Amino acid sequence: NKVLGEDGVEVDEVEREEVIPDPGFVVKTRAGNLPEGENKVFINICTSSKLKKFKQVKKRMPDGSVQEGLNIPLSCGQQKVETDKQGAKCTVFDIIVHPSVVSEAFADKTGNFRHWVCNFTLQYIQ
C-alpha cells in the first residue's frame, strides 16, 4: 500500500488508526490482464469522517498557467480475492473517503462527479 503525506508524496510508514467505514457505493469493472471468469473487480467506495474533506486546489504550471484540480484524501485496503454472487472469483478493493465525496457524487445530477470519482479510484489501484 502507498502511504502518502499531506502533499501527496510517498512517506515512511506513519502511526495508524483503525477506521470502521460506512458504505457508499460500488464500482464494478473488469481487469483486462486477468483470465476471463476471474477478471471481475469490485471497488467499494466507503466513507469515514476521520478522513479529511476533499478540496479544490490550484497549481501554477511551468508555462505560468494555473491548473485546477481536486485533492481527495483516501485510504485503500489491500487487494482481496473473494467470490461474487455466482460463486466466481473476483478482486475486491475497499477505498475510504470523507462522506462529503459520496454525498457530492449522489447530489451531482449530471453524474460527472461520480464518474470522476470512479476513474480516480481506478487510477489509484492500478
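Small disclaimer: the values here were computed from a predicted structure and weren't measured.

Basis of the calculations
Residues numbered from 1 in each chain as written. Predicted model: local features only at pLDDT ≥ 70, side-chain atom pairs only at ≥ 80, totals over all residues. Heavy atoms only, no water. Helix = DSSP H or I, 4+ residues; strand = E, 2+ residues; numbered from the N terminus. Buried < 20%, exposed > 50% of the residue type's maximum accessible area, 1.4 Å probe, protein only. Contact = heavy atoms within 4.5 Å. Areas by Shrake-Rupley, 256 points an atom, 1.4 Å probe, with all protein chains shown as cover. Core = buried A, V, L, I, M, F, W, Y, C linked by side-chain atoms within 4.5 Å. Pairing = 2+ DSSP bridges. Polar contact = N/O pair within 3.5 Å; in protein donor to acceptor, adjacent residues only side chain to side chain. pLDDT = per-residue confidence, 0-100. Phe/Tyr/Trp six-rings, centres within 6.5 Å; stacked < 30°, edge-to-face > 60°.

Colleague: With reference to specific residues and values, describe the overall build of the protein chain.
Modeller: A tally of helices and strands in the protein chain yields 2 helices and 7 strands. Taken from the N to the C terminus, the helices and strands of the protein chain come in the order β-β-β-β-β-β-β-α-α. Evaluated residue by residue, the protein chain yields a buried proportion of 29% over its 126 residues. Taking the contacts inside the protein chain whose residues are at least 6 apart along the sequence as the reference set, 50% of them involve residues at least 24 apart. Summing over all exposed atoms, the protein chain offers an accessible surface of approximately 9,100 Å²; the carbon and sulfur share of this is 48%.

Colleague: Account for the environment of Lys 58, naming residues and giving values.
Modeller: Turning to its location among the elements, Lys 58 is positioned in strand β3 (residues 55-60). On the accessibility criterion, Lys 58 (64% relative accessible area) is exposed. For the pair Lys 58 and Glu 68, spaced 10 residues apart in sequence, the C-alpha to C-alpha distance is 4.5 Å. In this structure Lys 58 touches Val 66, Gln 67 and Glu 68, once residues within four positions along its chain are discounted.

Colleague: An account of the nonpolar core is requested, with residue identities and associated values reported.
Modeller: With 19 residues, the main nonpolar core has Phe 25, Ile 45, Ile 95 and Val 97 as its most contacted residues. Those elements that place two or more of their residues in this core are β1 (22-30), β2 (40-47), β7 (89-97), α1 (99-107) and α2 (112-125). At 4 residues, α2 tops the list of elements feeding residues into this core. Leave out the neighbours within four places in its chain, and Ile 95 touches Ile 43, Asn 44, Ile 45, Cys 46, Leu 74, Ser 75, Cys 76, Thr 121 and Ile 125.

Colleague: Residues and numbers for the pairing of strand β6 (residues 80-83), please.
Modeller: Pairing of β6 with β7 involves 4 bridges; the strand directions are antiparallel. Looking across to β7, one finds that Lys 80 is bridged to Val 92. Here β6 folds back onto β7 in antiparallel fashion, the turn holding 5 residues, of which Gly 87 has a positive phi close to 90°.

Colleague: Explain the side chain of Asn 39 to me, and be specific about the residues and the numbers.
Modeller: Residue placement: Asn 39 occurs in the loop between β1 and β2. You can call Asn 39 buried: its relative accessible area is 7%. Of the polar contacts made by the side chain of Asn 39, one reaches the side chain of Arg 30; its length is 3.0 Å.

Colleague: Summarise the confidence of the model for the protein chain; cite the residues concerned and give the values.
Modeller: Regions with low pLDDT should not have their predicted coordinates read in detail. Model confidence for the protein chain is summarised by a mean pLDDT of 85, while 83% of its residues fall at 70 or above. When mean pLDDT is compared element by element in the protein chain, α1 scores highest at 95, while strand β4 (residues 66-71) scores lowest at 87.

Colleague: Give me the lowdown on the packing of aromatic side chains, citing residues and values where you can.
Modeller: This structure, assessed with the given rule, holds 4 aromatic pairs. With centroids separated by 5.9 Å and ring planes inclined at 65°, the aromatic side chains of Phe 25 and Phe 106 adopt a geometry described as edge-to-face. Taken as a pair, Phe 25 in strand β1 and Phe 106 in helix α1 lie far apart in primary sequence, 81 residues in all. Overall, the relative accessible area of 6% leaves Phe 25 in the buried class.

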